[in-house]
2 protein chains.
Amino acid sequence: MSDFTNPRGYPIGEMSKRTGVNIETIRYYERINIMPKPDRTAGGNRQYNHDQLKRLSFIKTSRELGFSIDEIRALLEMVDREDFTCGEVHGLTIGHLASVREKIKGLRKLEKALVGMAAECSQGNVPDCPILETLFQARTRSKPALPT
Amino acid sequence: MSDFTNPRGYPIGEMSKRTGVNIETIRYYERINIMPKPDRTAGGNRQYNHDQLKRLSFIKTSRELGFSIDEIRALLEMVDREDFTCGEVHGLTIGHLASVREKIKGLRKLEKALVGMAAECSQGNVPDCPILETLFQARTRSKPALPT
DNA sequence: GATGCGGTCTGTAGCCACTACAGAAGCAAG
DNA sequence: CTTGCTTCTGTAGTGGCTACAGACCGCATC
């Protein structure tokens, strides 16, 4: 196992190990054009350089932060054209933050509803369950049974 | 527009209006066997009965509570076989609650990270952005840049 | 009974962001 | 030269829908 601290190029597996991005996913990123087509060895295997490693890290970190591929594409385009401003990037981040907060809010409501349902349940072994009764509540005339 | 309070059967559009489930989705539920094949009119249009309306409401409510189709299938199978116990249902609910709480936890971490990044950003119009710097942080030797 | 119009039909393909193969070929060590 | 791991391309599948196309149904009106 060689060292790769100062390599001419990284094979795809090394990229995967270093970034934690699945090999198939790296190729997928190339297909959808957020990773560039790398050099190839004589035999046709991909060889990445350090910039590409950094780019992949960027994508991975952004994905972990929940940015969509399209948001990442937008960020990368700004970077690539070198004509972004910090304000633009901030805006994209704040927008994403808002959507994360929305998701949290929604999940909290779910949590509450589930807790409420579970609390009413005796957990007994009789086939008579308030949870199912709640779920079966007819939502006639399009009144939602749950707060949305 | 007729009343449908006491109908022989509901056409699919009426089911959709009453439950808030998209028509295409209702047909999809039939295809994946969580809704039964309903009666048909002479001409071949679907006609649902009241039980089926209740079942669809059940599915809709459960989906809104974040249950996966497979979890719903499990619930419905218990109901259909009439051999469930309240304890089983409770267990399924608690399991789902745990996964909702996991998701909330994860999103909170994201939220914090995003807030931290955004706070360091001057929002200026210079192309020199601490957010991008954070995202570009190389994650060499598979140390994750973010807590997982 | 013809017409019109909205509802419904089937079947297929697309969405997101991957993931999972199959079957062939590259590459490095011994 | 062989062995055994890595990588290659291409295609199909995942979940949970959604979006068509192009045809047919059903009901009201004239």
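Structure shown above.
Report on the accompanying structure. (Residues numbered from 1 in each chain as written. Chains lettered and ligands numbered in written order. Predicted model: local features only at pLDDT ≥ 70, side-chain atom pairs only at ≥ 80, totals over all residues. Heavy atoms only, no water.)

## Some words on the protein's contact with DNA strand D
Item 1. Around DNA strand D sit 20 residues in total, of which Gly13, Arg27 and Arg46 of chain A together with Thr41 and Arg63 of chain B are the nearest.
Item 2. The sugar and phosphate moieties of DNA strand D supply 77% of its atoms located within 4 Å of the protein.
Item 3. With respect to DNA strand D, the backbone of Arg46 of chain A contributes an N or O atom lying 2.6 Å from a phosphate oxygen.
Item 4. Within the contact set of DNA strand D, a base nitrogen lies 2.8 Å away from a side-chain nitrogen or oxygen of Glu24 of chain B.
Item 5. When contributions to the surface near DNA strand D are tallied by element, the ones reaching two or more residues are helix 1 (12–19) and helix 2 (23–31) of chain A together with helix 2 (23–31) of chain B.
Item 6. Ranked by residue count, the leading element in the surface near DNA strand D is helix 2 of chain B, at 4 residues.
Item 7. The class makeup of the residues in the surface near DNA strand D is 6 nonpolar, 9 polar and 5 charged. (Near = heavy atom within 4 Å. Polar contact = N/O pair within 3.5 Å; in protein donor to acceptor, adjacent residues only side chain to side chain. Helix = DSSP H or I, 4+ residues; strand = E, 2+ residues; numbered from the N terminus. Nonpolar A, V, L, I, M, F, W, Y, C, P; charged D, E, K, R; others polar.)

## A closer look at the packing of aromatic side chains
Item 1. Inspection of every chain in the model, using the stated rule, returns 4 aromatic pairs over all chains.
Item 2. Between Tyr28 of chain A and Tyr29 of chain A the ring centres are 5.9 Å apart and the planes differ by 45°, which places this aromatic pair in the tilted class.
Item 3. Geometrically, the ring pair formed by Phe136 of chain A and Phe58 of chain B is tilted, given 4.6 Å between the ring centres and 45° between the ring planes. Highlighted residues: Phe136 of chain A in helix 6 (residues 130–136) and Phe58 of chain B in helix 3 (residues 50–64), drawn from two different chains.
Item 4. Assessed through its relative accessible area of 22%, Phe136 of chain A is described here as partly exposed. (Phe/Tyr/Trp six-rings, centres within 6.5 Å; stacked < 30°, edge-to-face > 60°. Buried < 20%, exposed > 50% of the residue type's maximum accessible area, 1.4 Å probe, protein only.)

## Here we look at the relation of the copies chain B and chain A
Item 1. When chain B is fitted onto chain A, the two copies agree to an RMSD of 0.0 Å after a turn of 180° and an axial shift of 0.0 Å. What the superposition gives is, in effect, a two-fold axis relating one chain to the other. Minimal C-alpha separation from the rotation axis in chain B is found for Ile104 of chain B, amounting to 3.0 Å.
Item 2. The fraction of interface residues of chain B whose copies in chain A are also interface residues reaches 100%, indicating that both copies meet through the same surface. (Least-squares fit on C-alpha atoms with pLDDT ≥ 70 in both. Contact = heavy atoms within 4.5 Å.)

## A short note on the side chain of Glu30 of chain A
All names here are of chain A.
Item 1. Assignment of secondary structure puts Glu30 in helix 2.
Item 2. Within the structure, Glu30 has its side chain in polar contact with the side chain of Arg46 (distance 2.8 Å).
Item 3. Glu30 has contacts with Met35, Pro36, Lys37, Pro38, Arg40, Arg46 and Tyr48, leaving out every residue within four places of it along the chain.

## Some remarks on the protein's contact with DNA strand C
Item 1. Taken together, the neighbourhood of DNA strand C is formed by 20 residues, with Glu24, Thr41 and Arg63 of chain A together with Arg27 and Arg46 of chain B sitting nearest.
Item 2. Protein-proximal atoms of DNA strand C, defined as those within 4 Å of the protein, fall in sugar or phosphate at a share of 80%.
Item 3. Here a phosphate oxygen of DNA strand C and a side-chain polar atom of Arg27 of chain B are 2.7 Å apart.
Item 4. Within the backbone of Arg46 of chain B, an N or O atom sits 2.6 Å from a phosphate oxygen of DNA strand C.
Item 5. Secondary-structure elements contributing two or more residues to the surface near DNA strand C are helix 2 of chain A together with helix 1 (12–19) and helix 2 of chain B.
Item 6. With 4 residues, helix 2 of chain A is the largest single contributor of residues to the surface near DNA strand C.
Item 7. In terms of residue class, the surface near DNA strand C is built from 6 nonpolar, 9 polar and 5 charged.

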